[in-house]
Amino acid sequence: MEVLKINGGIKLAGTVKVDGAKNAALPILAATTIVGGTHRISNVPELRDISTMMQILESLGCKTRRDDDVITVDSTGISSTRIPEELMMKMRSSIFLMGPLLARFGEVETFQPGGCAIGERKMDIHFSGLEDLGVEFVQSGDSIRGKSERIIGTAIKLRFPSVGATENLMMAAVTAEGVTTIENAAREPEIVDLQDFLNGLGAKISGAGTSTISITGVDSLRAAEHRVIPDRIVAGTILCATVACGGSVDILEARVDHIESLVTVLREMGADIESHGNGIRVSMHERPSAIGELRTGPYPEFPTDLQSQVMVILSIASGDSSIRETIFESRFQHVEQLRLMGADIVIDGEVAKIHGIDGLKGARVASTDLRAGAALVIAGMVASGETTVENLNHIDRGYHRIEELFNGLGASIKRES
Ligand code: EPU
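Summarised in this report is the structure supplied together with it. Since this is a predicted model, take the numbers as computed values, not measurements.

## Section: the pattern of salt bridges
Next, step 1: This structure, assessed with the given rule, holds 27 salt bridges.
Next, step 2: Note that E2 is salt-bridged to R415, the shortest N-O span being 3.0 Å. In this pair, E2 is assigned in the segment before strand 1 (3-7) and R415 in strand 23 (residues 412-416), connecting sequence segments 413 residues apart.
Next, step 3: A relative accessible area of 36% means that E2 is categorised as partly exposed.
Next, step 4: A relative accessible area of 25% means that R415 is categorised as partly exposed.
Next, step 5: In this structure, K22 engages D49 in a salt bridge whose closest nitrogen and oxygen atoms are separated by 3.9 Å. Taken together, the residues K22 in helix 1 (residues 22-31) and D49 in helix 2 (residues 48-60) connect sequence positions 27 residues apart.
Next, step 6: Its relative accessible area of 8% is what places K22 among the buried residues.
Next, step 7: On the accessibility criterion, D49 (5% relative accessible area) is buried.
Next, step 8: Connected through salt bridges with shared partners, the residues E2, R48, D396, E403 and R415 form a single ionic network.

## Quick look at the site of the ligand
Next, step 1: Lining the immediate environment of the ligand, one finds 24 residues, of which I125, S162, D305, I327 and R371 sit closest.
Next, step 2: Between the ligand and the protein, one listed contact pairs an oxygen atom with a backbone N or O atom of I125 at 2.7 Å.
Next, step 3: Within the complex, the protein chains bury 89% of what would otherwise be the 830 Å² of accessible surface of the ligand.
Next, step 4: Looking at which element gives the most residues to the shell around the ligand, the answer is helix 5 (residues 124-132), with three residues.

## Comments concerning unusual backbone geometry
Next, step 1: The omega torsion across Y299 and P300 is 10°, close enough to zero to call that bond cis.
Next, step 2: Of note, P300 is situated in the loop between strand 17 (292-295) and helix 10 (307-315).
Next, step 3: The backbone phi angle of N43 is positive, close to 60°, even though this residue is not glycine.
Next, step 4: A positive phi angle is found at N184, which is not glycine, with a value near 60°.
Next, step 5: Looking at where N184 falls in the secondary structure, it is placed in the loop between strand 10 (179-183) and helix 7 (189-201).
Next, step 6: Take N184: its relative accessible area is 29%, and that puts it in the partly exposed class.

## Considering the environment of E416
Next, step 1: One can find E416 in strand 23.
Next, step 2: By relative accessible area, E416 is classed as partly exposed at 32%.
Next, step 3: A sequence separation of 28 residues divides E416 from T388, and the C-alpha atoms of the two residues are 9.8 Å apart.

## A short note on helix 1
Next, step 1: Of all ten residues in helix 1, nine are buried, a share of seventy percent or more.
Next, step 2: Regarding helix 1, the residues found buried are K22, A24, A25, L26, P27, I28, L29, A30 and A31.

## Side note on the sheet that holds strand 16 (residues 279-284)
Next, step 1: With respect to topology, four strands assemble into an open sheet ordered 2-14-16-15, the strand pairing being mixed. Of all the strands in the sheet, the pair left with one neighbour each is strand 2 (12-17) and strand 15 (272-276). Across the sheet, the mean angle separating the axes of adjacent strands is 10° when strand polarity is ignored.
Next, step 2: The sheet contacts of helix 8 (residues 232-245) involve strand 2, strand 14 (247-252), strand 15 and strand 16, and relative to strand 14 the element is tilted by about 170°.

## Thoughts on the layout of surface pockets
Next, step 1: One number sums up the size of the second largest pocket: a volume of about 190 Å³.
Next, step 2: Residue lining of the second largest pocket: 15 residues in total, with D19, V234, Y399, H400 and L405 positioned closest to the centre.
Next, step 3: Taken together, the elements giving at least two residues each to the lining of the second largest pocket come down to strand 2 and helix 14 (402-407).
Next, step 4: Residue classes in the lining of the second largest pocket are distributed as seven nonpolar, three polar and five charged.

## Here's the deal with helix 6 (residues 163-173)
Next, step 1: Of all the eleven residues making up helix 6, ten are buried; the element is thus mostly covered by neighbouring parts of the structure.
Next, step 2: Regarding helix 6, its N-cap is S162, as a side-chain oxygen of that residue lies 3.0 Å from the backbone nitrogen of A165 further along.

## A word on the pairing of strand 20 (residues 351-355)
Along any regular strand, the residues point their side chains to alternate faces of the sheet.
Next, step 1: In this structure, strand 18 (residues 320-324) lies alongside strand 20, joined through five bridges in antiparallel fashion. Bridged to D320 within strand 20 is H355.
Next, step 2: Alignment of strand 19 (residues 344-348) against strand 20, held across five bridges, turns out to be antiparallel. Counted as the bridge partner of I345 is I354 from strand 20.
Next, step 3: The hairpin formed by strand 19 and strand 20 contains two residues between the paired strands, and G349 there has a positive phi angle of roughly 65°.

## Remarks on the sheet that holds strand 7 (residues 136-140)
Next, step 1: A sheet is described by the order of its strands in space; here three strands give the open sequence 6-8-7, paired in antiparallel fashion. The sheet terminates laterally at strand 6 (107-111) and strand 7, the two strands that pair on one side only. For this sheet, the mean inter-axis angle between neighbouring strands, taken without regard to orientation, is 20°.
Next, step 2: Pairing analysis gives five bridges linking strand 7 to strand 8 (residues 143-147), with the strands arranged antiparallel. When the bridges of strand 8 are listed, F137 appears paired with G146.
Next, step 3: Together, strand 6 and strand 8 form the strand contacts of helix 4 (residues 98-105), whose direction differs from that of strand 6 by roughly 155°.

Conventions used here
- Residues numbered from 1 in each chain as written.
- Predicted model: local features only at pLDDT ≥ 70, side-chain atom pairs only at ≥ 80, totals over all residues.
- Heavy atoms only, no water.
- Salt bridge = Lys/Arg side-chain N within 4 Å of Asp/Glu carboxyl O.
- Helix = DSSP H or I, 4+ residues; strand = E, 2+ residues; numbered from the N terminus.
- Buried < 20%, exposed > 50% of the residue type's maximum accessible area, 1.4 Å probe, protein only.
- Near = heavy atom within 4 Å.
- Polar contact = N/O pair within 3.5 Å; in protein donor to acceptor, adjacent residues only side chain to side chain.
- Areas by Shrake-Rupley, 256 points an atom, 1.4 Å probe, with all protein chains shown as cover.
- Pairing = 2+ DSSP bridges.
- Axes fitted to C-alpha atoms, helices over the stretch in contact; angles between N-to-C directions.
- Contact = heavy atoms within 4.5 Å.
- 1 Å grid on protein atoms, 1.4 Å probe; cavity = no way out; pocket = protein on both sides within 12 Å on 5 of 7 lines; lining within 4 Å.
- Points joined across faces, edges and corners; volume = space filled by probe spheres on them.
- Nonpolar A, V, L, I, M, F, W, Y, C, P; charged D, E, K, R; others polar.

Below, the structure is given as structure tokens:
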């Protein structure tokens, strides 16, 4: 088992570049199966979840190759529409294959992905939206088969703006007969990136980034090239780390327009943040201030994926704050770990009440999910003494060698067996 050993108490300084967004690259890679041909996707981060997606594509009959940050997918010879159960269990994002396979072949076999550490993560919005498009699902045991003679465009209203369901439905509707509208659609930047890729294939989609997306079905598509947007959650994690540890960092390629809700909160805490031609510069030279209540919500509200990282800052802020987590029901598992480091946090239902203390102290902690793991790394960099972070498999799903990323900014983190 690998662990990270972190010597805390060091201010961060320097320049770092943000890689492409995992959560944009995953649906885009899945979307390469919509039409046969050789697709070239660049700025794809080197992460475990991306390798798993390449394995899934291979299992369907695609040929994939990585050269630096470019992944080439030849999706001409797809011979199966069955998403392997073991890969489905390994990564929830395998559900992104449903929409594209239904669009191209009119059939898919999938499996209910399990719940996960951060919540139950139901699939009802995906299935009911696909049924609205004319797909019929039959479940037998764990297997769920979807079939449709012809996807028929229609008006779909989501009961909640699910990111994954919005993406699956956009992909399924690309070659539908007629027009599909998705109302109460999720508005995340990753959805705009998917729209751009699909339009590059020849799709006719508009409205991504707003609550209503319109997809006019087309008869023919062709393979395309695309550059993935920078990862706003990785950029946000670096911003949080700098505000927590103090210092000055230049985050190249980070886009302030993708993380405005975070920037507003960090400025309220005392951070100096400015956007320049090619990124964001952040400086923090004082103890962070408490902020009252912060609430997570669908974009453009505050992202759940940055909740745990901000909590670390609030745990050493001057005063009391609270965070209301409205997206995932079990996304406070880092709280118990932060308490081992001395944090004073109490959970009351979906609210965490945080009393800022003077400083955290090093401890042995374990990450329970991807973003919780990132928060513990930040906590370790803030704390006095040594912190050991276990369960790196979670962190490696979404951060490429997180120790190198922060060591480049002056931190002292070692990966050990
Ligand atoms: N939901 C349902 N039914 C559905 C779909 C979702 O009830 O059919 C509920 C979920 O249970 C959850 C809420 O809606 O409580 C939000 O889920 P959503 O579908 O929006 O999230 P997702 O598509 O599963 C993506 C990101 C997550 C990120 C969320 C929220 C990807 C691959 N994953 O998940 O990223 O937290 O949106 O912004 O895009 C991460 O990167 O650490 C991560 C978990």
